[in-house]
Amino acid sequence: MTPPLPTVHLLDDEPGLIKALTRLLKAEGFVVRGFTSAREFLAALDDTTVGCLVLDVAMPGLGGFEVQEHLMRLGNPLPIVFLTGRGDIPMSVQALKAGAVDFLTKPVDDAHLLRAVREAMAQCVARREQASTLAALRERFERLTPREREVMQHVVAGRLNKQIAADLGTGEQNIKVHRGRAMEKMEVESLADLVRAAERLGIGKGPPVV
Amino acid sequence: MPGVTILWSMCAAVSLLIAGIHLAVWVRHRAAKSSLALALLSLGVAAAAGAEYLLMHAASPAEFAAVMRWANFAILAMFVGIVWFVRAEFGTARLALGGVAVALRATALVLGYFPGVTPMFREIAALREVAWLGEQIVVVSAATPAPWSWLPALSNYVLALFVADASIRLWRRGGPDDRPRALRAGGAMVAFILLSTSVAMLINAGVLRVPYITAPSYLAMILMLGFELGRDILRARELVREVRRREAQLNESERRLQLAGEAADLGFWYWEMRTGSIWATERARSILGLPASGELTYPMFIERVHAEDRAIVEARIAAAFLDGSGYDAEYRVVLADGTPRWVTAHGDVAAGEDGRPASMTGVVFDTTERRRAELELADQRHELAHLSRVALVSELSGSLAHEINQPLAIILTNAQAAQRFLARTAPDVGEAREALADIVREAGRAGEVIRRLRGMLRNGHAVLKPVDVRDLIEDVCQLMRRDLDARGVRLLRVIADGLPAVAGDAVQLQQVLLNLVLNGCEAMEGNPPEGRVLTVSAARSGSGVRVSIADTGHGLPADAERVFQPFFTTKPDGLGLGLPICRSIVKSHGGRLWAEPRRPASGGADDGGATGAVFHLELDAVEHS
């Protein structure tokens, strides 16, 4: 099964608007899926869903903000562009604080909408990329032996080989070997790269990871 | 001292005087028959007194007998007088009985001429001189009584019986004057007749050796009767005075009536059928646009009545005279300068002596001002209804803005999509066309929303047209959709198939339904979200359609009618005019609007035994052509 294409999800209780937005976004080459109720949308949602969500604030049943909250609880990072019939400032502040990409008022100009959707899609890609890099690093880190991890933690903390050898009660040569293997397994060329990878993994701060 | 001469001549003189007086009364008032009868009776008494005087001074038995025979004519005259008087004065006499008495007396008189010397005696043998009342007079000392001497006595008794009978009947009739008269006149007559008869019998039987003294007792009788008649004459004078007084009173009360009429701005009129003449007060004349003075006739009146109202006024008047009932009419009068005036008239028909309607009395008043006020009030009510509609729309404005904004959003998006399809190097005309079709549809929808809104705000007068109840409910639900959603109210629609159209103004009926639906929503605000259910149903009801709006809210006050009273409200910022206005709208449609507590749905899952209210709206169906 091929992974799903990044899709613009439209959620609005007005079928006419869904149809018009679909038409506009498709003209710009987006893959679009429309939903007229929150329940329908949430049912179609799964881990592989990528893209963004254009979301109406006022809907019968589950409203836009509730859908946003729901998505956060599910841990789905789908970026959200809000669309509303009667928007006010407190409402837009609430939406943006909760991580929305934009808060647009109907009737919406196509340029604004497309800009917001593109940004949302970009955010999605960025988040995706971030997520996949981290996953790769983790995988590499998993391959290290406990000793190599220990040595790596000391290295990224900025300690010299001699100091590390003293701390761990072993020879400096030994430390050099562990350090070389860890860099090899983590697929980094320099100390700086190793430090950056450790930062991403959250290593080096707090107690050493065992 | 010649007592007898003085007494009997006085007796004769007084009797003559009374006869003269009553003869004079009769001459002036020929209808006073009892006066003539009394005059005759008095003449008889005077003659009898003269005869008795002669008897007492008779020189021989032959002379005595002759006088006695003549005296009987006087007595017969008295009989006729008494019978006549009783008949004329009492009105209760049995004439046959009186006739018998007169006939007996006449028979005795005739018998006295032929077989004997007098009706009493066959023969008078001797007279005797006696001293009486200081005078020498003669009395019969030896005589042979006639075998029919009982006849005069019998005639007297029959006469007494006749008077007594008439008196008793008069007593029984029991009018205010009857009883005293029966006692005084009847009693006096009976008593004096019996007295004189008894005395005469005792004299005839030789027990009493005194002269006949009929005249004084009869004089007493005629004095009594004269007094009785005199009372009548006095009473007549009193009556005249009383009539004058009453006339004065009547004038006074007429004047007061006039004053009251002026105060109340009423005009009075009286219409005599027989002569056709109409009398009317000044005010009535001015109200009806008739000349201030001079003769009035029906044609003059009817000519003033507005041509359109003439037929109905004439019909009402004819109907009133036909069955003798009252007359009520409200019509227009056209004044001389052409201005119309509204007039209300009431009349009562009075029957004449023959029991048939003879006249009509009534009032008339000017109702132009009241009419104008009524129209103004209707205008104000109309204005109020309009304002409440405006208020209703402003209450809905949020959702209405959305209703208009939504199609605009769709139109803009479709338009821009179309622009993009056409801007491509290879324009996608198909997609652009589809977008344009959607634009057209959405523009239509926006127009529809505005049309509905304009309809709601229109301040036009009601136009009754056939209205489809399903469309009506659908329209209202469309207008309310957003509000219902926002309030979390679930709307159920139960509309029967094949409902007839109702006669109404769609906009006004919409307003009523909107009000009822909004009220229902507001009543359920305190309910948990799942307990907010509004049911709009429509079904046939008799010859019309009943629309019911049932909520599950806080319910009605104990007296459900109170909610229709102006300024009754349960909302903190409510005016309390919505339902009264709804009701007045429904009434103007000839329909009914009422409220009742909702009966908990049998086994209703989501509302259990919750309270709530149902508003019923019943409207007549349009006759199908």
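Here is what the cut-offs are and how they apply
Position numbers for residues count from 1 along each chain, tracking the sequence in the order it is written. Chain letters and ligand numbers both follow the written order, the letters beginning at A and the numbers at 1. In keeping with the model being predicted, local features are shown solely for residues with a pLDDT of at least 70 and side-chain atom pairs are shown and tallied solely at 80 or more, while totals for entire chains, interfaces and linings include all residues. Computation of side-chain values: all heavy atoms of the structure, hydrogens and water removed. Strands here are runs of E lasting at least two residues and helices are runs of H or I lasting at least four, both read from the DSSP assignment and numbered beginning at the N terminus. The classification of residues rests on relative accessible area computed with a 1.4 Å probe and restricted to protein chains. Under 20% of the type maximum is buried, over 50% is exposed, and intermediate values are partly exposed. Contact between two residues is taken to exist if any of their heavy atoms lie within 4.5 Å; hydrogens are not considered. Strands are labelled as partners when DSSP assigns at least two bridges between them. Orientation is described by axes fitted as lines to C-alpha atoms, over the contacting stretch for helices, and by angles from 0 to 180 degrees between their N-to-C directions. Any two of the Phe, Tyr and Trp rings considered here, Trp counted by its six-membered ring, make a pair once their centres fall within 6.5 Å; the pair's planes then place it as stacked at under 30 degrees, edge-to-face at over 60, or tilted in between. Each residue after the first adds 1.5 Å to the expected span of a helix. Nitrogen and oxygen atoms within 3.5 Å of one another constitute a polar contact, given that in protein one can donate a hydrogen and the other can accept it, and given that sequence-neighbouring residues count only through two side-chain atoms. Two parts lose some accessible area (1.4 Å probe) when they are put together, and adding that loss for both gives the buried area. Salt bridge criterion: a side-chain nitrogen from Lys or Arg within 4 Å of a carboxyl oxygen from Asp or Glu. Here the nonpolar core consists of buried residues drawn from Ala, Val, Leu, Ile, Met, Phe, Trp, Tyr and Cys, with membership extended through side-chain atoms lying within 4.5 Å. Confidence scores here are pLDDT values: one per residue, from the predictor, ranging 0 to 100. Excluding any residue in a salt bridge, patches collect residues exceeding 30% relative accessible area, merging like charges within 9 Å and nonpolar Val, Leu, Ile, Met, Phe, Trp and Tyr side chains within 5 Å. The Shrake-Rupley method, run with a 1.4 Å probe, gives the accessible areas here. Residue values count only the displayed protein chains as cover.

## Overview of the overall build of chain B
Reasoning step 1: Each helix and strand counted, chain B has 15 helices and 15 strands in total.
Reasoning step 2: Relative to its full complement of 625 residues, chain B shows a buried share of 44%.
Reasoning step 3: The contacts of chain B with a sequence gap of at least 6 include a subset with a gap of at least 24, amounting to 68%.

## Digging into the sheet that holds strand β12 (residues 533-541) of chain B
Residues and elements named next belong to chain B.
Reasoning step 1: Reading across the sheet, the five strands line up as β10-β12-β13-β15-β14 and stay open at both edges, with mixed pairing between neighbours. At either end of the open sheet lies a strand with only one pairing partner, and these are β10 (490-495) and β14 (592-597). Taken pair by pair, the neighbouring strands of this sheet meet at an average axis angle of 15 degrees, ignoring direction.
Reasoning step 2: Where β12 lies against strand β13 (residues 544-550), seven bridges are found, and the strand directions are antiparallel. Considered in β13, the bridge of alanine 539 is made with arginine 546.
Reasoning step 3: The strands touched by helix α13 (residues 469-486) within the sheet are β10, β12 and β13, with β10 carrying the most contacts at an inclination of about 175 degrees.
Reasoning step 4: Running at roughly 170 degrees to strand β15 (residues 613-620), helix α14 (residues 506-523) makes contact with β12, β13, β14 and β15 of the sheet.

## Some thoughts on the packing of aromatic side chains
Residues and elements named next belong to chain B.
Reasoning step 1: Taken as a whole and judged by the stated rule, the model has eleven aromatic pairs over all chains.
Reasoning step 2: Aromatic pair tryptophan 269 and tyrosine 327: ring centres 6.3 Å apart, planes at 70 degrees, arrangement edge-to-face. Remark: tyrosine 327 occurs in strand β6 (residues 326-334) and tryptophan 269 occurs in strand β3 (residues 266-272); sequence separation between them is 58 residues. The pair formed by tryptophan 269 and tyrosine 327 is uniform in burial state, with each residue classed as buried.

## Focus on α14 of chain B
One turn of an α-helix holds 3.6 residues; hence residues three or four places apart share an orientation.
Reasoning step 1: The first and last C-alpha atoms of α14 of chain B sit 25 Å apart over 18 residues, in line with the 26 Å expected at 1.5 Å per residue.
Reasoning step 2: Counted residue by residue, α14 of chain B has 17 buried out of 18 residues, so it is predominantly covered.

## With respect to the side chain of lysine 106 of chain A
Residue and element names in this part refer to chain A.
Reasoning step 1: Its location among the elements puts lysine 106 in the loop between β5 (102-105) and α5 (110-143).
Reasoning step 2: A relative accessible area of 4% means that lysine 106 is categorised as buried.
Reasoning step 3: A polar contact is formed between the side chain of lysine 106 and the side chain of aspartate 12, at a distance of 2.9 Å.

## With respect to the interface of chain A and chain B
How big an interface is tends to be reported as the loss of accessible area on association of its parts.
Reasoning step 1: Each partner contributes to the interface: chain A provides 24 residues, whereas chain B provides 24 residues.
Reasoning step 2: Summed over both partners, the interface of chain A with chain B comes to about 2,000 Å²; 49% of that surface belongs to carbon and sulfur atoms.
Reasoning step 3: Summed over the three residues of chain A that lose the most area to chain B, namely Glu14, Arg23 and Pro107 of chain A, the buried surface amounts to 30% of that side.
Reasoning step 4: In this assembly, chain A and chain B are joined by seven salt bridges.
Reasoning step 5: For the salt bridge of arginine 420 of chain B with glutamate 28 of chain A, the shortest nitrogen-to-oxygen distance reads 2.9 Å.

## Describing the side chain of glutamate 89 of chain B
Residues and elements named next belong to chain B.
Reasoning step 1: Note that glutamate 89 resides in helix α3 (residues 61-90).
Reasoning step 2: With relative accessibility at 13%, the residue glutamate 89 sits in the buried group.
Reasoning step 3: Not counting residues within four places of it along the chain, the set of residues in contact with glutamate 89 comprises Ser34, Arg181, Leu229 and Asp232.

## Side note on the pattern of salt bridges
Reasoning step 1: A complete count under the given rule lists 42 salt bridges over all chains for this structure.
Reasoning step 2: With a closest N to O distance of 3.4 Å, glutamate 228 of chain B and arginine 181 of chain B form a salt bridge. Of this pair, glutamate 228 of chain B sits in helix α7 (residues 214-263) while arginine 181 of chain B is found in helix α6 (residues 178-204), placing the two residues 47 residues apart along the sequence.
Reasoning step 3: With its nearest N and O atoms 2.9 Å apart, the salt bridge here joins arginine 441 of chain B to glutamate 442 of chain B.
Reasoning step 4: Each member of the salt-bridge network shares a partner with another, and the members are Lys19 and Arg23 of chain A together with Glu431, Glu434 and Asp438 of chain B.

## Quick notes on the pairing of strand β4 (residues 277-280) of chain B
Regular strands place side chains that alternate from one sheet face to the opposite one.
Residue and element names in this part refer to chain B.
Reasoning step 1: Residues of β4 alternate between two faces, with Ile278 and Ala280 buried on one and Ser277 and Trp279 left unburied on the opposite face.
Reasoning step 2: Note: β3 against β4, three bridges, orientation antiparallel. The residue bridging tryptophan 271 from the neighbouring strand is isoleucine 278, located in β4.
Reasoning step 3: Counting the residues between successive antiparallel strands, the hairpin from β3 to β4 contains four residues, one of them, glycine 276, with a positive phi of roughly 75 degrees.

## Digging into the nonpolar core
Residue and element names in this part refer to chain B.
Reasoning step 1: Judged by nonpolar contacts, the single largest core of 50 residues is most densely connected at Leu41, Ile82 and Met189.
Reasoning step 2: Secondary structure elements with two or more residues in this core: α1 (3-28), α2 (33-56), α3, α4 (95-113), β2 (135-145), α5 (150-173), α6 and α7.
Reasoning step 3: Tallying contributions element by element places α3 first for this core, with ten residues.
Reasoning step 4: Contacts of leucine 41, omitting those with residues within four sequence positions, involve Met78, Gly81, Ile82, Met221, Ile222 and Leu225.
Reasoning step 5: In terms of nonpolar packing, the next biggest core, distinct from the first, is built from 45 residues, Cys477, Val489, Val563 and Leu593 among them.

## With respect to unusual backbone geometry
Reasoning step 1: Omega for the bond connecting lysine 106 of chain A with proline 107 of chain A falls within 30 degrees of zero, at -10 degrees, which places this linkage in the cis form.
Reasoning step 2: Within the element layout of this structure, proline 107 of chain A appears in the loop between β5 and α5.
Reasoning step 3: In this model, glutamate 187 of chain A sits at a positive phi of 55 degrees, which is unusual for a non-glycine residue.
Reasoning step 4: Residue glutamate 187 of chain A is classed as partly exposed on the basis of its relative accessible area, which comes to 49%.
Reasoning step 5: Non-glycine residue leucine 133 of chain B carries a positive phi angle of around 50 degrees.
Reasoning step 6: Relative to the elements of secondary structure, leucine 133 of chain B occurs in the loop between β1 (121-132) and β2.

## Here's the deal with the confidence of the model for chain A
Reasoning step 1: Chain-level statistics for chain A give a pLDDT mean of 85 and a share of 95% at 70 or above.
Reasoning step 2: Within the model, the stretch residues 206-210 of chain A combines pLDDT values under 50 with four contacts to residues more than four positions away or in other chains.

## Some points on the pairing of β13 of chain B
Residues and elements named next belong to chain B.
Reasoning step 1: A large share of β13 lies buried, amounting to six of its seven residues.
Reasoning step 2: As consecutive antiparallel partners, β12 and β13 are separated by two residues, and within that stretch glycine 542 has a phi angle of approximately 60 degrees, a positive value.
Reasoning step 3: Bridging between β13 and β15 involves seven bridges; their strand directions are antiparallel. For isoleucine 549, the partnering residue across the bridge sits in β15 and is phenylalanine 615.

## Some points on a nonpolar patch on the surface
All names here are of chain B.
Reasoning step 1: On the surface, a nonpolar cluster with roughly 580 Å² of combined accessible area is contributed by Trp70, Phe73, Val110, Tyr113 and Phe114.
Reasoning step 2: Of all the secondary-structure elements, those providing two or more residues to the nonpolar patch are α3 and α4.
Reasoning step 3: With respect to the secondary-structure elements, phenylalanine 73 resides in helix α3.

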